[in-house]
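What follows is each chain in one-letter form.
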Amino acid sequence: MWVLSENYARVIATDLTDRFAADELLVFGGSKEVPDDNRIASDRALRRSLGGTATSLNVRMAIQWLRLSQQGAFSPHATGAWLAWADRERHREVYNRQQLSDDGVLDFVDSLRARTPGISKTSALKSLREAGLACEQGRFSTLFQKVATS
């Protein structure tokens, strides 16, 4: 059982499929270079049910697979249980948040830190998103640090 990013899977897919029998290989995430019979593609529609961020979704999918696979991770039961569970739990997330400029994010964080001085970067980003505002996580991190160190 492997949990792989798309880019990494592209590099090692041939090695994986050459080294393991079809019934001994299961990749979570990965890329199209891994045969569909051996791959559980990353599915953001399961994020709400599995929790966490999109970055760690493949790991949480693998953990859920193991929870559901009572007769072994490579059993037909595991596949059926996963498909039934995923069909029930899929929820497409749609966000209609207003994109902020860097200055807008800096102002938001500055105001938030004035009210809650010790707020963490994660909590601040969650507050921004709950307010219906948008900022990519990496960009937010950089801007948050600017406010935190000034």
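Model, not experiment: these values are computed from the prediction.

(A) Inspection of the overall build of the protein chain at higher detail. Assigned secondary structure in the protein chain consists of 7 helices and 5 strands. Computed over C-alpha atoms, the radius of gyration of the protein chain comes to 20 Å, more than 25% over the 15 Å expected from 2.2 N^0.38 for 150 residues, which places it beyond the range of a compact globule. Across its three principal directions, the C-alpha atoms of the protein chain cover 55 × 35 × 25 Å. Looking at the protein chain as a whole, 35% of its 150 residues qualify as buried. For the protein chain, contacts bridging at least 24 residues in sequence account for 49% of all contacts bridging at least 6. Of the roughly 9,400 Å² that the protein chain leaves accessible, carbon and sulfur atoms contribute 48%.

(B) The packing of aromatic side chains, seen in detail. Applying the stated criterion across every chain yields a total of 6 aromatic pairs. On the basis of an interplanar angle of 70 degrees and a centroid distance of 6.2 Å, the ring pair of W2 and F20 is categorised as edge-to-face. Remark: F20 occurs in the loop between α1 (6–19) and β2 (27–29) and W2 occurs in strand β1 (residues 2–4); sequence separation between them is 18 residues. Look at W2 and you get partly exposed, because its relative accessible area is 31%. Judged by centre distance (5.2 Å) and plane angle (40 degrees), the ring pair of W82 and W85 falls under tilted. Of the two residues, W82 and W85 are both situated in helix α4 (residues 76–89); the distance of 3 residues between them amounts to about one turn of the helix. Assigned by exposure class, W82 and W85 land together as buried.

(C) Representation of the sheet that holds β2 in the model. Pairing is parallel in the open sheet, where 3 strands are placed in the order β1-β2-β3. Edge positions in the sheet fall to β1 and β3 (39–40), since each of these pairs with one other strand and no more. Taken together, the 3 bridges between β1 and β2 define a ladder with parallel strand orientation. When the bridges of β2 are listed, V3 appears paired with F28. The sheet contacts of helix α3 (residues 57–68) involve β1, β2 and β3, and relative to β2 the element is tilted by about 135 degrees.

(D) The nonpolar core, seen in detail. Counting 16 residues, the largest nonpolar core has F28, I40, M61, W65, W82 and W85 as the members making the most contacts within it. Broken down by secondary-structure element, the contributors of at least two residues to this core are α3 and α4. Ignoring sequence-local partners within four residues, the contact set of F28 consists of M1, W2, V3, L4, I40, N58, M61, A62 and W65.

(E) Structural detail: the side chain of S75. Mapped onto the secondary structure, S75 falls in the loop between α3 and α4. A residue is classified by how much of its surface remains accessible, and S75, at 11% relative accessible area, is buried. Among the polar contacts listed, one links the side chain of S75 to the backbone oxygen of G72, at a separation of 3.0 Å.

(F) Region of the structure containing the pattern of salt bridges. According to the stated counting rule, one finds 4 salt bridges in the structure shown. Put simply, D87 and R90 hold a salt bridge, and the shortest N to O gap is 2.9 Å. On the basis of relative accessibility, which here comes to 57%, the residue D87 falls in the exposed class. A salt bridge links D102 to R139; the nearest nitrogen and oxygen atoms lie 2.8 Å apart. Of this pair, D102 sits in helix α5 (residues 102–115) while R139 sits in helix α7 (residues 137–148); the two residues are 37 residues apart in sequence, bridging distant segments of the chain. Within the structure, one salt-bridge network assembled from shared partners comprises D43, D87 and R90.

Rules behind the numbers
- Residues numbered from 1 in each chain as written.
- Predicted model: local features only at pLDDT ≥ 70, side-chain atom pairs only at ≥ 80, totals over all residues.
- Heavy atoms only, no water.
- Helix = DSSP H or I, 4+ residues; strand = E, 2+ residues; numbered from the N terminus.
- Rg over C-alpha atoms; globule rule 2.2 N^0.38 Å.
- Buried < 20%, exposed > 50% of the residue type's maximum accessible area, 1.4 Å probe, protein only.
- Contact = heavy atoms within 4.5 Å.
- Areas by Shrake-Rupley, 256 points an atom, 1.4 Å probe, with all protein chains shown as cover.
- Phe/Tyr/Trp six-rings, centres within 6.5 Å; stacked < 30°, edge-to-face > 60°.
- Pairing = 2+ DSSP bridges.
- Axes fitted to C-alpha atoms, helices over the stretch in contact; angles between N-to-C directions.
- Core = buried A, V, L, I, M, F, W, Y, C linked by side-chain atoms within 4.5 Å.
- Polar contact = N/O pair within 3.5 Å; in protein donor to acceptor, adjacent residues only side chain to side chain.
- Salt bridge = Lys/Arg side-chain N within 4 Å of Asp/Glu carboxyl O.

Without other data, these values stay purely geometric and don't point to any function.
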